[in-house]
Amino acid sequence: MISGAALAALKAALGPGGWLDVPADVEPYTVDFRRLYHGRTTLVARPDSVEKVAAVVRICHAERLGIVPHGGNTSYCGGATPDESGTEVVLSLARMNRVRSVDPVGYSMVLEAGCTLHAAQAAASAVGRLFPLSLGSEASCQVGGNLSTNAGGTAVLRYGMMRDLVLGLEVVLPDGRVLDQLRSLRKDNTGYDVKQLFLGAEGTLGVITAACLKLFPAPDDYLTALVAVGGMAEAVELLGRTRSAFGDSIEAFEYLPRAALELARTHLAGVIAPFDAPHPGCVLIELAAPRTLPELGARFEEYLGAEVEAGRALDAVLAASGQQRDALWFLREHIPEAQVREGASIKHDVSLPIARLAEFVGTAERRLAELAPGARVVGYGHVGDGNLHFNLSPAPGTLRGSPAEASFLGLAPVVNRAMHDLVAELGGSFSAEHGIGRLKIAELERYEDPVALSLMRSIKDALDPQGIMNPGKVLRR
Ligand code: MLT
Ligand code: ZN
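Just so we're clear, the structure is a prediction, and the values are computed from it rather than from any experiment. (Residues numbered from 1 in each chain as written. Chains lettered and ligands numbered in written order. Predicted model: local features only at pLDDT ≥ 70, side-chain atom pairs only at ≥ 80, totals over all residues. Heavy atoms only, no water.)

Colleague: Would you take a moment to explain the sheet that holds strand β10 (residues 207-214) for this structure?
Modeller: Within a sheet, neighbouring strands are paired by backbone hydrogen bonds and run either parallel or antiparallel to one another. Read across the sheet, 5 strands follow the order β5-β6-β10-β8-β9 without closing on themselves; strand pairing throughout is antiparallel. Looking along the sheet, the strands with just one partner apiece sit at the ends: β5 (99-103) and β9 (178-181). Looking at each pair of strands side by side, their axes are set apart by 15° on average, direction ignored. Relative to β9, strand β8 (residues 166-172) runs antiparallel, the two sharing 4 bridges. Considered in β9, the bridge of V171 is made with L179. Where helix α3 (residues 50-63) meets the sheet, its contacts fall on β8, β9 and β10, and the angle it forms with β8 comes to roughly 45°. (Pairing = 2+ DSSP bridges. Helix = DSSP H or I, 4+ residues; strand = E, 2+ residues; numbered from the N terminus. Axes fitted to C-alpha atoms, helices over the stretch in contact; angles between N-to-C directions. Contact = heavy atoms within 4.5 Å.)

Colleague: How do you make sense of the coordination of the zinc ion (ligand 2) when you look at a structure like this?
Modeller: A four-donor tetrahedral metal ideally has 109.5 degree angles, and a six-donor octahedral metal ideally has angles of 90 or 180 degrees. At 1.9 to 2.2 Å from the zinc ion (ligand 2) lie its protein donor atoms, namely H382 (NE2), H389 (NE2) and E433 (OE). Look at where the donors of the zinc ion (ligand 2) fall in the sequence and you get H-x6-H-x43-E. Placement of the pair is H382 in strand β17 (residues 376-382) and E433 in the loop between α14 (412-425) and α15 (441-447), with a sequence separation of 51 residues. In this structure, H382 and E433 share a single accessibility class: buried. (Donors = N, O, S within 2.8 Å, 3.2 Å for Na, K, Ca; no water. Buried < 20%, exposed > 50% of the residue type's maximum accessible area, 1.4 Å probe, protein only.)

Colleague: In this structure, what is going on with helix α11 (residues 335-342)? I would like to understand it.
Modeller: Looking at α11, one finds that the buried residues are I335, P336, A338 and Q339. Seen along its axis, α11 keeps its buried residues to an arc of 160°; they face one direction. Along its buried surface, α11 packs onto β13 (250-257), α8 (258-267), α10 (322-333), β17 and β18 (387-393). Residue G343 follows α11 closely and has a positive phi angle near 135°. (Arc of directions from axis to C-beta.)

Colleague: Would you take a moment to explain helix α1 (residues 4-14) for this structure?
Modeller: Each full turn of the α-helix corresponds to 3.6 residues, which orients residues three or four apart in the same direction. What α1 keeps buried is the set A6, L7, L10 and L14. Seen from one end, α1 has its buried residues packed into an arc of 100°, which puts them on one side. The exposed set on the far side of α1, more than 90 degrees from its buried face, consists of G4, A5 and A12. Tucked into the core, α1 has its buried residues touching β1 (19-20), β2 (44-45), α3 and β4 (89-92).

Colleague: What exactly am I supposed to notice about the pairing of β17 here?
Modeller: A regular strand places its side chains so that they alternate between the two faces of the sheet. Of all 7 residues making up β17, 5 are buried, and the element is well covered by its neighbours. Looking at chain direction, β17 and β18 are connected through 7 bridges and run antiparallel. Bridge pairing links H382 to N387 in β18. From the end of β17 to the start of β18, which pair antiparallel, there are 4 residues, and G386 there has a positive phi angle of about 85°.

Colleague: Hey, could you run me through the nonpolar core in this one?
Modeller: Of all hydrophobic cores here, the largest spans 45 residues; its most connected members are M232, F300, F360, V383 and L388. Contributing elements (two or more residues each) for this core: β12 (221-229), α7 (232-246), β13, β14 (281-289), α9 (296-309), α12 (357-371), β18 and α14. Beyond its immediate stretch of four places on either side in the chain, L388 contacts M232, H348, D349, V350, L357, F360, V361, G379, Y380, G381 and V383. With 32 residues, the next largest nonpolar core counts M109, C141, L169 and L179 among its residues. (Core = buried A, V, L, I, M, F, W, Y, C linked by side-chain atoms within 4.5 Å.)

Colleague: So what exactly am I meant to see when it comes to a nonpolar patch on the surface here?
Modeller: Together, V99, V102 and V127 make up a nonpolar patch on the protein surface, roughly 170 Å² of accessible area in all. Structurally, the position occupied by V102 is in strand β5. (Patch = residues over 30% accessible without salt bridge, like charges linked within 9 Å, V, L, I, M, F, W, Y side chains within 5 Å. Areas by Shrake-Rupley, 256 points an atom, 1.4 Å probe, with all protein chains shown as cover. Salt bridge = Lys/Arg side-chain N within 4 Å of Asp/Glu carboxyl O.)

Colleague: Quick question: what am I supposed to make of the packing of aromatic side chains here?
Modeller: We describe a pair of aromatic rings using the distance from one ring centre to the other and the angle between the two ring planes. One pass over the full model with this rule turns up 6 aromatic pairs. Judged by centre distance (4.8 Å) and plane angle (70°), the rings of Y159 and F216 are edge-to-face. In this pair, Y159 sits in helix α6 (residues 156-159) while F216 sits in strand β11 (residues 216-217), placing the two residues 57 residues apart along the sequence. Ring pairs connect the aromatic residues F246, F300 and Y303, which therefore count as one cluster. The ring centre of Y222 lies 4.0 Å from the NZ or CZ of R325, which sits over that ring. The side chain of K347 reaches across the aromatic face of Y76, ending 4.6 Å from its centre. (Phe/Tyr/Trp six-rings, centres within 6.5 Å; stacked < 30°, edge-to-face > 60°. Lys NZ or Arg CZ within 6 Å of the ring centre and 35° of its normal.)

Colleague: Looking at this structure, I do not really get unusual backbone geometry. What am I missing?
Modeller: In most cases, non-glycine residues show a negative phi, while peptide bonds are predominantly trans. Residues other than glycine seldom take positive phi values, yet N470 does so here, at roughly 40°. Within the secondary structure, N470 sits in the segment after α16 (450-463). With relative accessibility at 1%, the residue N470 sits in the buried group. Unlike most non-glycine residues, V474 shows phi in positive territory, near 65°. Topologically, V474 is positioned in the segment after α16. Given a relative accessible area of 11%, V474 falls into the buried group.

Spelled out as structure tokens, the structure:
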């Protein structure tokens with residue numbers, strides 16, 4: 001338990017409205033998004049300034065209390081959920097949600113960690129700029145979580161991951177000191193780039209409280225198409241040709257296999273069948289269309305027509321309005337929800353060298369036919385950057401809570417191992433964008449280079465010798 005004296009000190013530091021301690025209020029902070037973990041806590045701290053975050057951390061440091069930073073709670077790996085001991089303090093950043101400054105000339109902005117990703121995009125767009133990170137959960141995920149998990153999403157092909165979008169950070173260290181590096185410099189070769197340590201560290205090295213983020217010119221318009229293809233090999237070849245034809249105009253290149261489209265049609269109201277024929281797969285391609293290139297639309301249309309004519313693509317539709325564009329993105333972004341509605345799933349968030357994606361899919365499907373007969377592979381995602389959400393749904397008609405569902409889920413350890421071993425053989429990663437959290441620690445230990453793993457342990461020991469920052473996440477306690 002957290003001692004009465006520590007609780008009193010924390011509450012005094014946080015001030016009125018700065019904490020939650022009623023069980024019903026605290027409960028949502030103790031269960032992760034996928035409901036894999038059910039933890040406990042006596043206190044959810046809700047500081048509204050970096051000084052208060054630092055005060056909370058200093059008290060926890062003195063009392064050796066674990067601290068679990070908590071953003072929008074949309075992570076898939078249990079990284080923001082306290083353990084079952086009830087001795088960890090949850091630190092919600094939700095009240096630190098100010099946009100501190102926006103600099104349209106320097107193409108940067110400073111935001112606090114509790115801003116939602118949507119608020120970050122809106123702050124950029126209000127001054128005619130683009131903040132390009134784009135995720136299905138953007139209405140509720142928070143920038144602090146995006147930074148701490150090095151989030152990816154659909155625009156990585158063009159703009160990189162969250163790590164690539166950061167110019168400066170403000171971080172409360174595990175002893176309560178504040179690292180103030182909210183610089184907006186593009187060039188700054190002054191020794192080790194220490195801010196990088198906290199990006200993707202999932203709150204195990206400190207609490208990110210604010211960031212200076214890069215902005216980009218906002219595209220005037222978009223050209224969005226859905227292209228039917230014969231499968232992953234054809235999708236990857238199309239990617240190569242489209243990049244050579246349109247270069248950096250490509251903002252997204254997302255693959256949706258037939259199984260994903262079928263789930264969307266079954267479970268999502270208003271999803272239209274884009275093509276009459278049930279093609280093996282589709283690619284959602286989006287190009288940025290600046291006013292200075294008025295001919296781009298005609299060129300793209302001609303290109304898609306030639307692909308279909310030559311039989312390299314099976315069909316193609318180009319969105320003719322903003323509404324049609326939204327409909328295509330709705331379809332893509334709601335695939336995870338459609339899969340949840342279908343029932344249980346066994347998930348893999350893998351990345352591969354792009355040239356080996358088709359080999360991965362072919363080999364994986366053959367292995368799964370033996371390991372999980374009848375299961376449906378729903379392997380969709382960010383083919384443009386090599387990241388596939390290679391998920392499995394049980395055989396059609398498997399009822400929620402049925403013995404058949406339980407035996408499907410019972411296959412998860414064997415299936416995960418087989419898929420991740422294959423990914424490792426092909427030079428890929430078992431965690432492309434969803435992180436490690438509590439869920440994938442054993443995988444990290446199995447697949448990470450031992451030298452890299454020992455460096456991670458040294459860094460953790462150096463920054464957090466008491467092990468109070470998000471204990472038991474990323475690295476074993
Ligand atoms: C996505 O790209 O849709 C997500 O990262 C994967 C998911 O929600 O399962
Ligand atoms: Zn994704």
